[in-house]
Amino acid sequence: MKKHIYPGFFSLTIGILAFYGCQQPSEKKMASGKAGLEKTVFGRLPDGRNADLYTLRNEKGMEVKITNYGGTIVSCTAPDRNGTYADVVLGCDSLAGYLRGTPYFGALVGRYGNRIAKGKFTLDGVTYSLATNNIGNHLHGGITGFDKVLWTASAVENSGANPALKLTYLSKDGEEGYPGNLPVEVVYTLQSDNALKIEYTATTDKKTVVNLTNHAYFNLADAGKSDILGHELLLKAGRFLPVDSTLIPTGELRPVAGTPFDFTRSFKIGARINDSTDTQIRYGLGYDHCWVFDSPGGSLTEPFATLYEPGSGRLLEVLTTEPAIQFYSGNFLDGTVTGKGGLLYRHRTGLCLETEHYPDSPNRPEFPSTVLNPGETYRTTTVYRFSVK
Ligand code: GLA
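Residues numbered from 1 in each chain as written. Predicted model: local features only at pLDDT ≥ 70, side-chain atom pairs only at ≥ 80, totals over all residues. Heavy atoms only, no water.

Draft legend 1. Looking closely at the side chain of E63. Assignment of secondary structure puts E63 in strand 3 (residues 63-67). Judged by its relative accessible area of 1%, E63 is buried. (Helix = DSSP H or I, 4+ residues; strand = E, 2+ residues; numbered from the N terminus. Buried < 20%, exposed > 50% of the residue type's maximum accessible area, 1.4 Å probe, protein only.)

Draft legend 2. Summary view of the nonpolar core. With 63 residues, the main nonpolar core has W291 and F386 as its most contacted residues. Formed by 18 residues, the second largest nonpolar core is a distinct cluster that contains Y69, C92, L333 and V337. (Core = buried A, V, L, I, M, F, W, Y, C linked by side-chain atoms within 4.5 Å.)

Draft legend 3. Region of the structure containing the confidence of the model for the protein. Of all residues in the protein, 91% attain a pLDDT of 70 or more, and the chain-wide mean is 92. Within the protein, helix 1 (residues 10-22) has the poorest average pLDDT of any element, 33, and strand 17 (residues 217-218) the best, 99. Of the regions scoring below 50 in pLDDT, residues 1-31 engages in 58 contacts with residues more than four places distant in sequence or in other chains. (pLDDT = per-residue confidence, 0-100. Contact = heavy atoms within 4.5 Å.)

Draft legend 4. Quick peek at the site of the ligand. Contacts to the ligand come from 13 residues, most closely from R115, H140, H215, D288 and E354. Within the side chain of H140, a nitrogen or oxygen atom sits 3.0 Å from an oxygen atom of the ligand. One of the side-chain N or O atoms of D288 is found 2.4 Å from an oxygen atom in the ligand. In the complex, 95% of the free accessible area of the ligand, which totals 300 Å², lies under the protein chains. A molecule is said to occupy a pocket when more than half its atoms come within 2 Å of that pocket's grid points, and by this definition the ligand occupies the largest pocket. Split by residue class, the shell around the ligand holds seven nonpolar, three polar and three charged. (Near = heavy atom within 4 Å. Polar contact = N/O pair within 3.5 Å; in protein donor to acceptor, adjacent residues only side chain to side chain. Areas by Shrake-Rupley, 256 points an atom, 1.4 Å probe, with all protein chains shown as cover. 1 Å grid on protein atoms, 1.4 Å probe; cavity = no way out; pocket = protein on both sides within 12 Å on 5 of 7 lines; lining within 4 Å. Sits in = over half its atoms within 2 Å of the grid points. Nonpolar A, V, L, I, M, F, W, Y, C, P; charged D, E, K, R; others polar.)

Draft legend 5. Region of the structure containing the layout of surface pockets. The volume enclosed by the largest pocket comes to roughly 260 Å³. As for the largest pocket, its lining consists of 20 residues, of which P103, H215, Y217, Y328 and F332 are closest to the centre. Residues belonging to the lining of the largest pocket are distributed by class as follows: nine nonpolar, seven polar and four charged. (Points joined across faces, edges and corners; volume = space filled by probe spheres on them.)

Draft legend 6. View of the state of the cysteines. All chains considered together, the criterion is met by zero disulfides. With no disulfide of its own, C76 lies closest to C352 among cysteine sulfurs, the gap being 14 Å. Summary of cysteine pairing: C92 is not part of a disulfide, and the nearest cysteine sulfur, belonging to C352, is at 14 Å. (Disulfide = S-S within 2.5 Å.)

Draft legend 7. Representation of the pattern of salt bridges. Summed over the entire model, instances satisfying the criterion amount to twelve salt bridges. Close ionic contact of K39 with D52 constitutes a salt bridge, the shortest N to O distance being 3.9 Å. With K39 in strand 1 (residues 36-44) and D52 in strand 2 (residues 50-57), this pair connects stretches of sequence that are 13 residues apart. Neither K39 nor D52 differs from the other in exposure class; each is buried. Here R364 makes a salt bridge to E366, at a shortest N to O gap of 3.2 Å. (Salt bridge = Lys/Arg side-chain N within 4 Å of Asp/Glu carboxyl O.)

Draft legend 8. Region of interest: the sheet that holds strand 13 (residues 182-190). Within the open sheet, the nine strands sit side by side as 11-12-13-14-28-24-23-18-21. Their pairing is antiparallel. Two strands close off the open sheet at either side, each with one partner strand: strand 11 (152-155) and strand 21 (267-268). Of the strand pairs in this sheet, strand 18 (residues 232-235) and strand 21 are connected by two bridges, and their pairing is antiparallel. Bridge pairing in strand 21 places L233 opposite F267. (Pairing = 2+ DSSP bridges.)

Draft legend 9. Broad picture of the packing of aromatic side chains. All told, the structure shown has 25 aromatic pairs when counted by the stated rule. Where W151 meets Y169, the ring centres are 5.7 Å apart and the plane angle is 45°; that geometry is what we call tilted. You can see W151 sitting in the loop between strand 10 (138-139) and strand 11 and its partner Y169 sitting in strand 12 (residues 164-171), a full 18 residues away along the chain. Accessibility classification places W151 together with Y169 in one group, the buried group. (Phe/Tyr/Trp six-rings, centres within 6.5 Å; stacked < 30°, edge-to-face > 60°.)

And the structure:
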C-alpha cells in the first residue's frame, strides 16, 4: 500500500489526522492547501486484519474520509455560504462502531443494491437463492454484502489536484448465493471543484446480476443532529416505482404528478412525507422508493437530483449514468445507532440518494437489465457535487 504525502503539506496533514483520528469535530474552518491523500490505521477486524482510513483532500480544503472496510465514506465536508467546511454525512468515529452494525452508513452496496423479491431469480433456466435478510426479501447484497468486507485499497498515482482512491474486491462464485466470480473496482475521486466522483466497474466469468451503489446518509445542515425535513429536493423524474407492503416494486411506473412523490420542482422533504392518505407513503413509512429519471443513461453533464439546505446554503447535486435513484428519507433511524461524537441518529436525521438500476430487475424482464455476461464490463459513474446557493 503506497502512502502519499505531499511536501509542505506534511505537518498540517499529520496534525489534522492526529486530531481527527479520535474525534470528529462537527465544524471546522479548513485552511486551503495542497491536494493529497493520506492513510492511517482505522482499526482491527476480528480476523486480525487492519482496516485503514484514507483522507482525500482538495486544494479548497474539502476533505473526504473513506475506510476500506465496506468502502465506506466515514466523513465528507462541504462548505456553507460563509465558506465554513463541515461534515455532511452520518457515520461512526471508529471501526468498532461499524462492526457493531449500522444501516449501511456511507457504505458501498452490492452485489445487488436494493431488493430482490424473495431472494430468488432465474438466469438461463437456473434459479439462484439468496439470503432473505429483509422481511422475506433480499436486500443490499445479503448478510455479508460489499458493505461488510475489507476492500484492497491503493492511491491512484499522479491524480494531482483530484486525489483518488482505488478499491478492489473479488466477490467469489457463490458468495451470498450469486453466480460468477466478480472482480469489482470502485474509484473515489475528490475533484478540485468539490465533487466526489464514484466510478464502479465489474466483470464476471459466469452470467450474473450486478447493481452497485453507495449508501451515504446526507444531512447538509449538521451531519445528523437535526432532521432532514427542511431540506429541499428536486428530482428530474416524472415517474416512480410503486411498491408492495414489503417494498418490492409492483412493476408499474407511476406518474408522480399530483402525488407526494412529485419532486419535479423543488419541495421541502417534510411537506408531504406524513401524508397517510397515500398508500405508498404508508408502505415506505415516508420516502423509500425508486424514481426513474426522465432522460436516463449516460449524462454526467447535468444533475438529476438536487438537494438544498436553506439554513446553511449547502447544495448537493447528483449526476449519474444510472437510470434511477432510491430516495430513502431515513425512516428506520430511531436513535439506537451511536454515531460520531456519541450522537444518536434519530428519526429522519439523514437521507440517502442511492443511484441505481431498478429494484428487483432480475425478476422484471421489462425493467432495464442488470444482467452482466462474461466478456462485458459493468461500468457506472455517480458524482456528488457540493456548492452553495
Ligand atoms: C435502503 C432501503 C431501506 C432501508 C435502508 C437501510 O435504502 O431501501 O428500506 O433498508 O436501506 O436501513
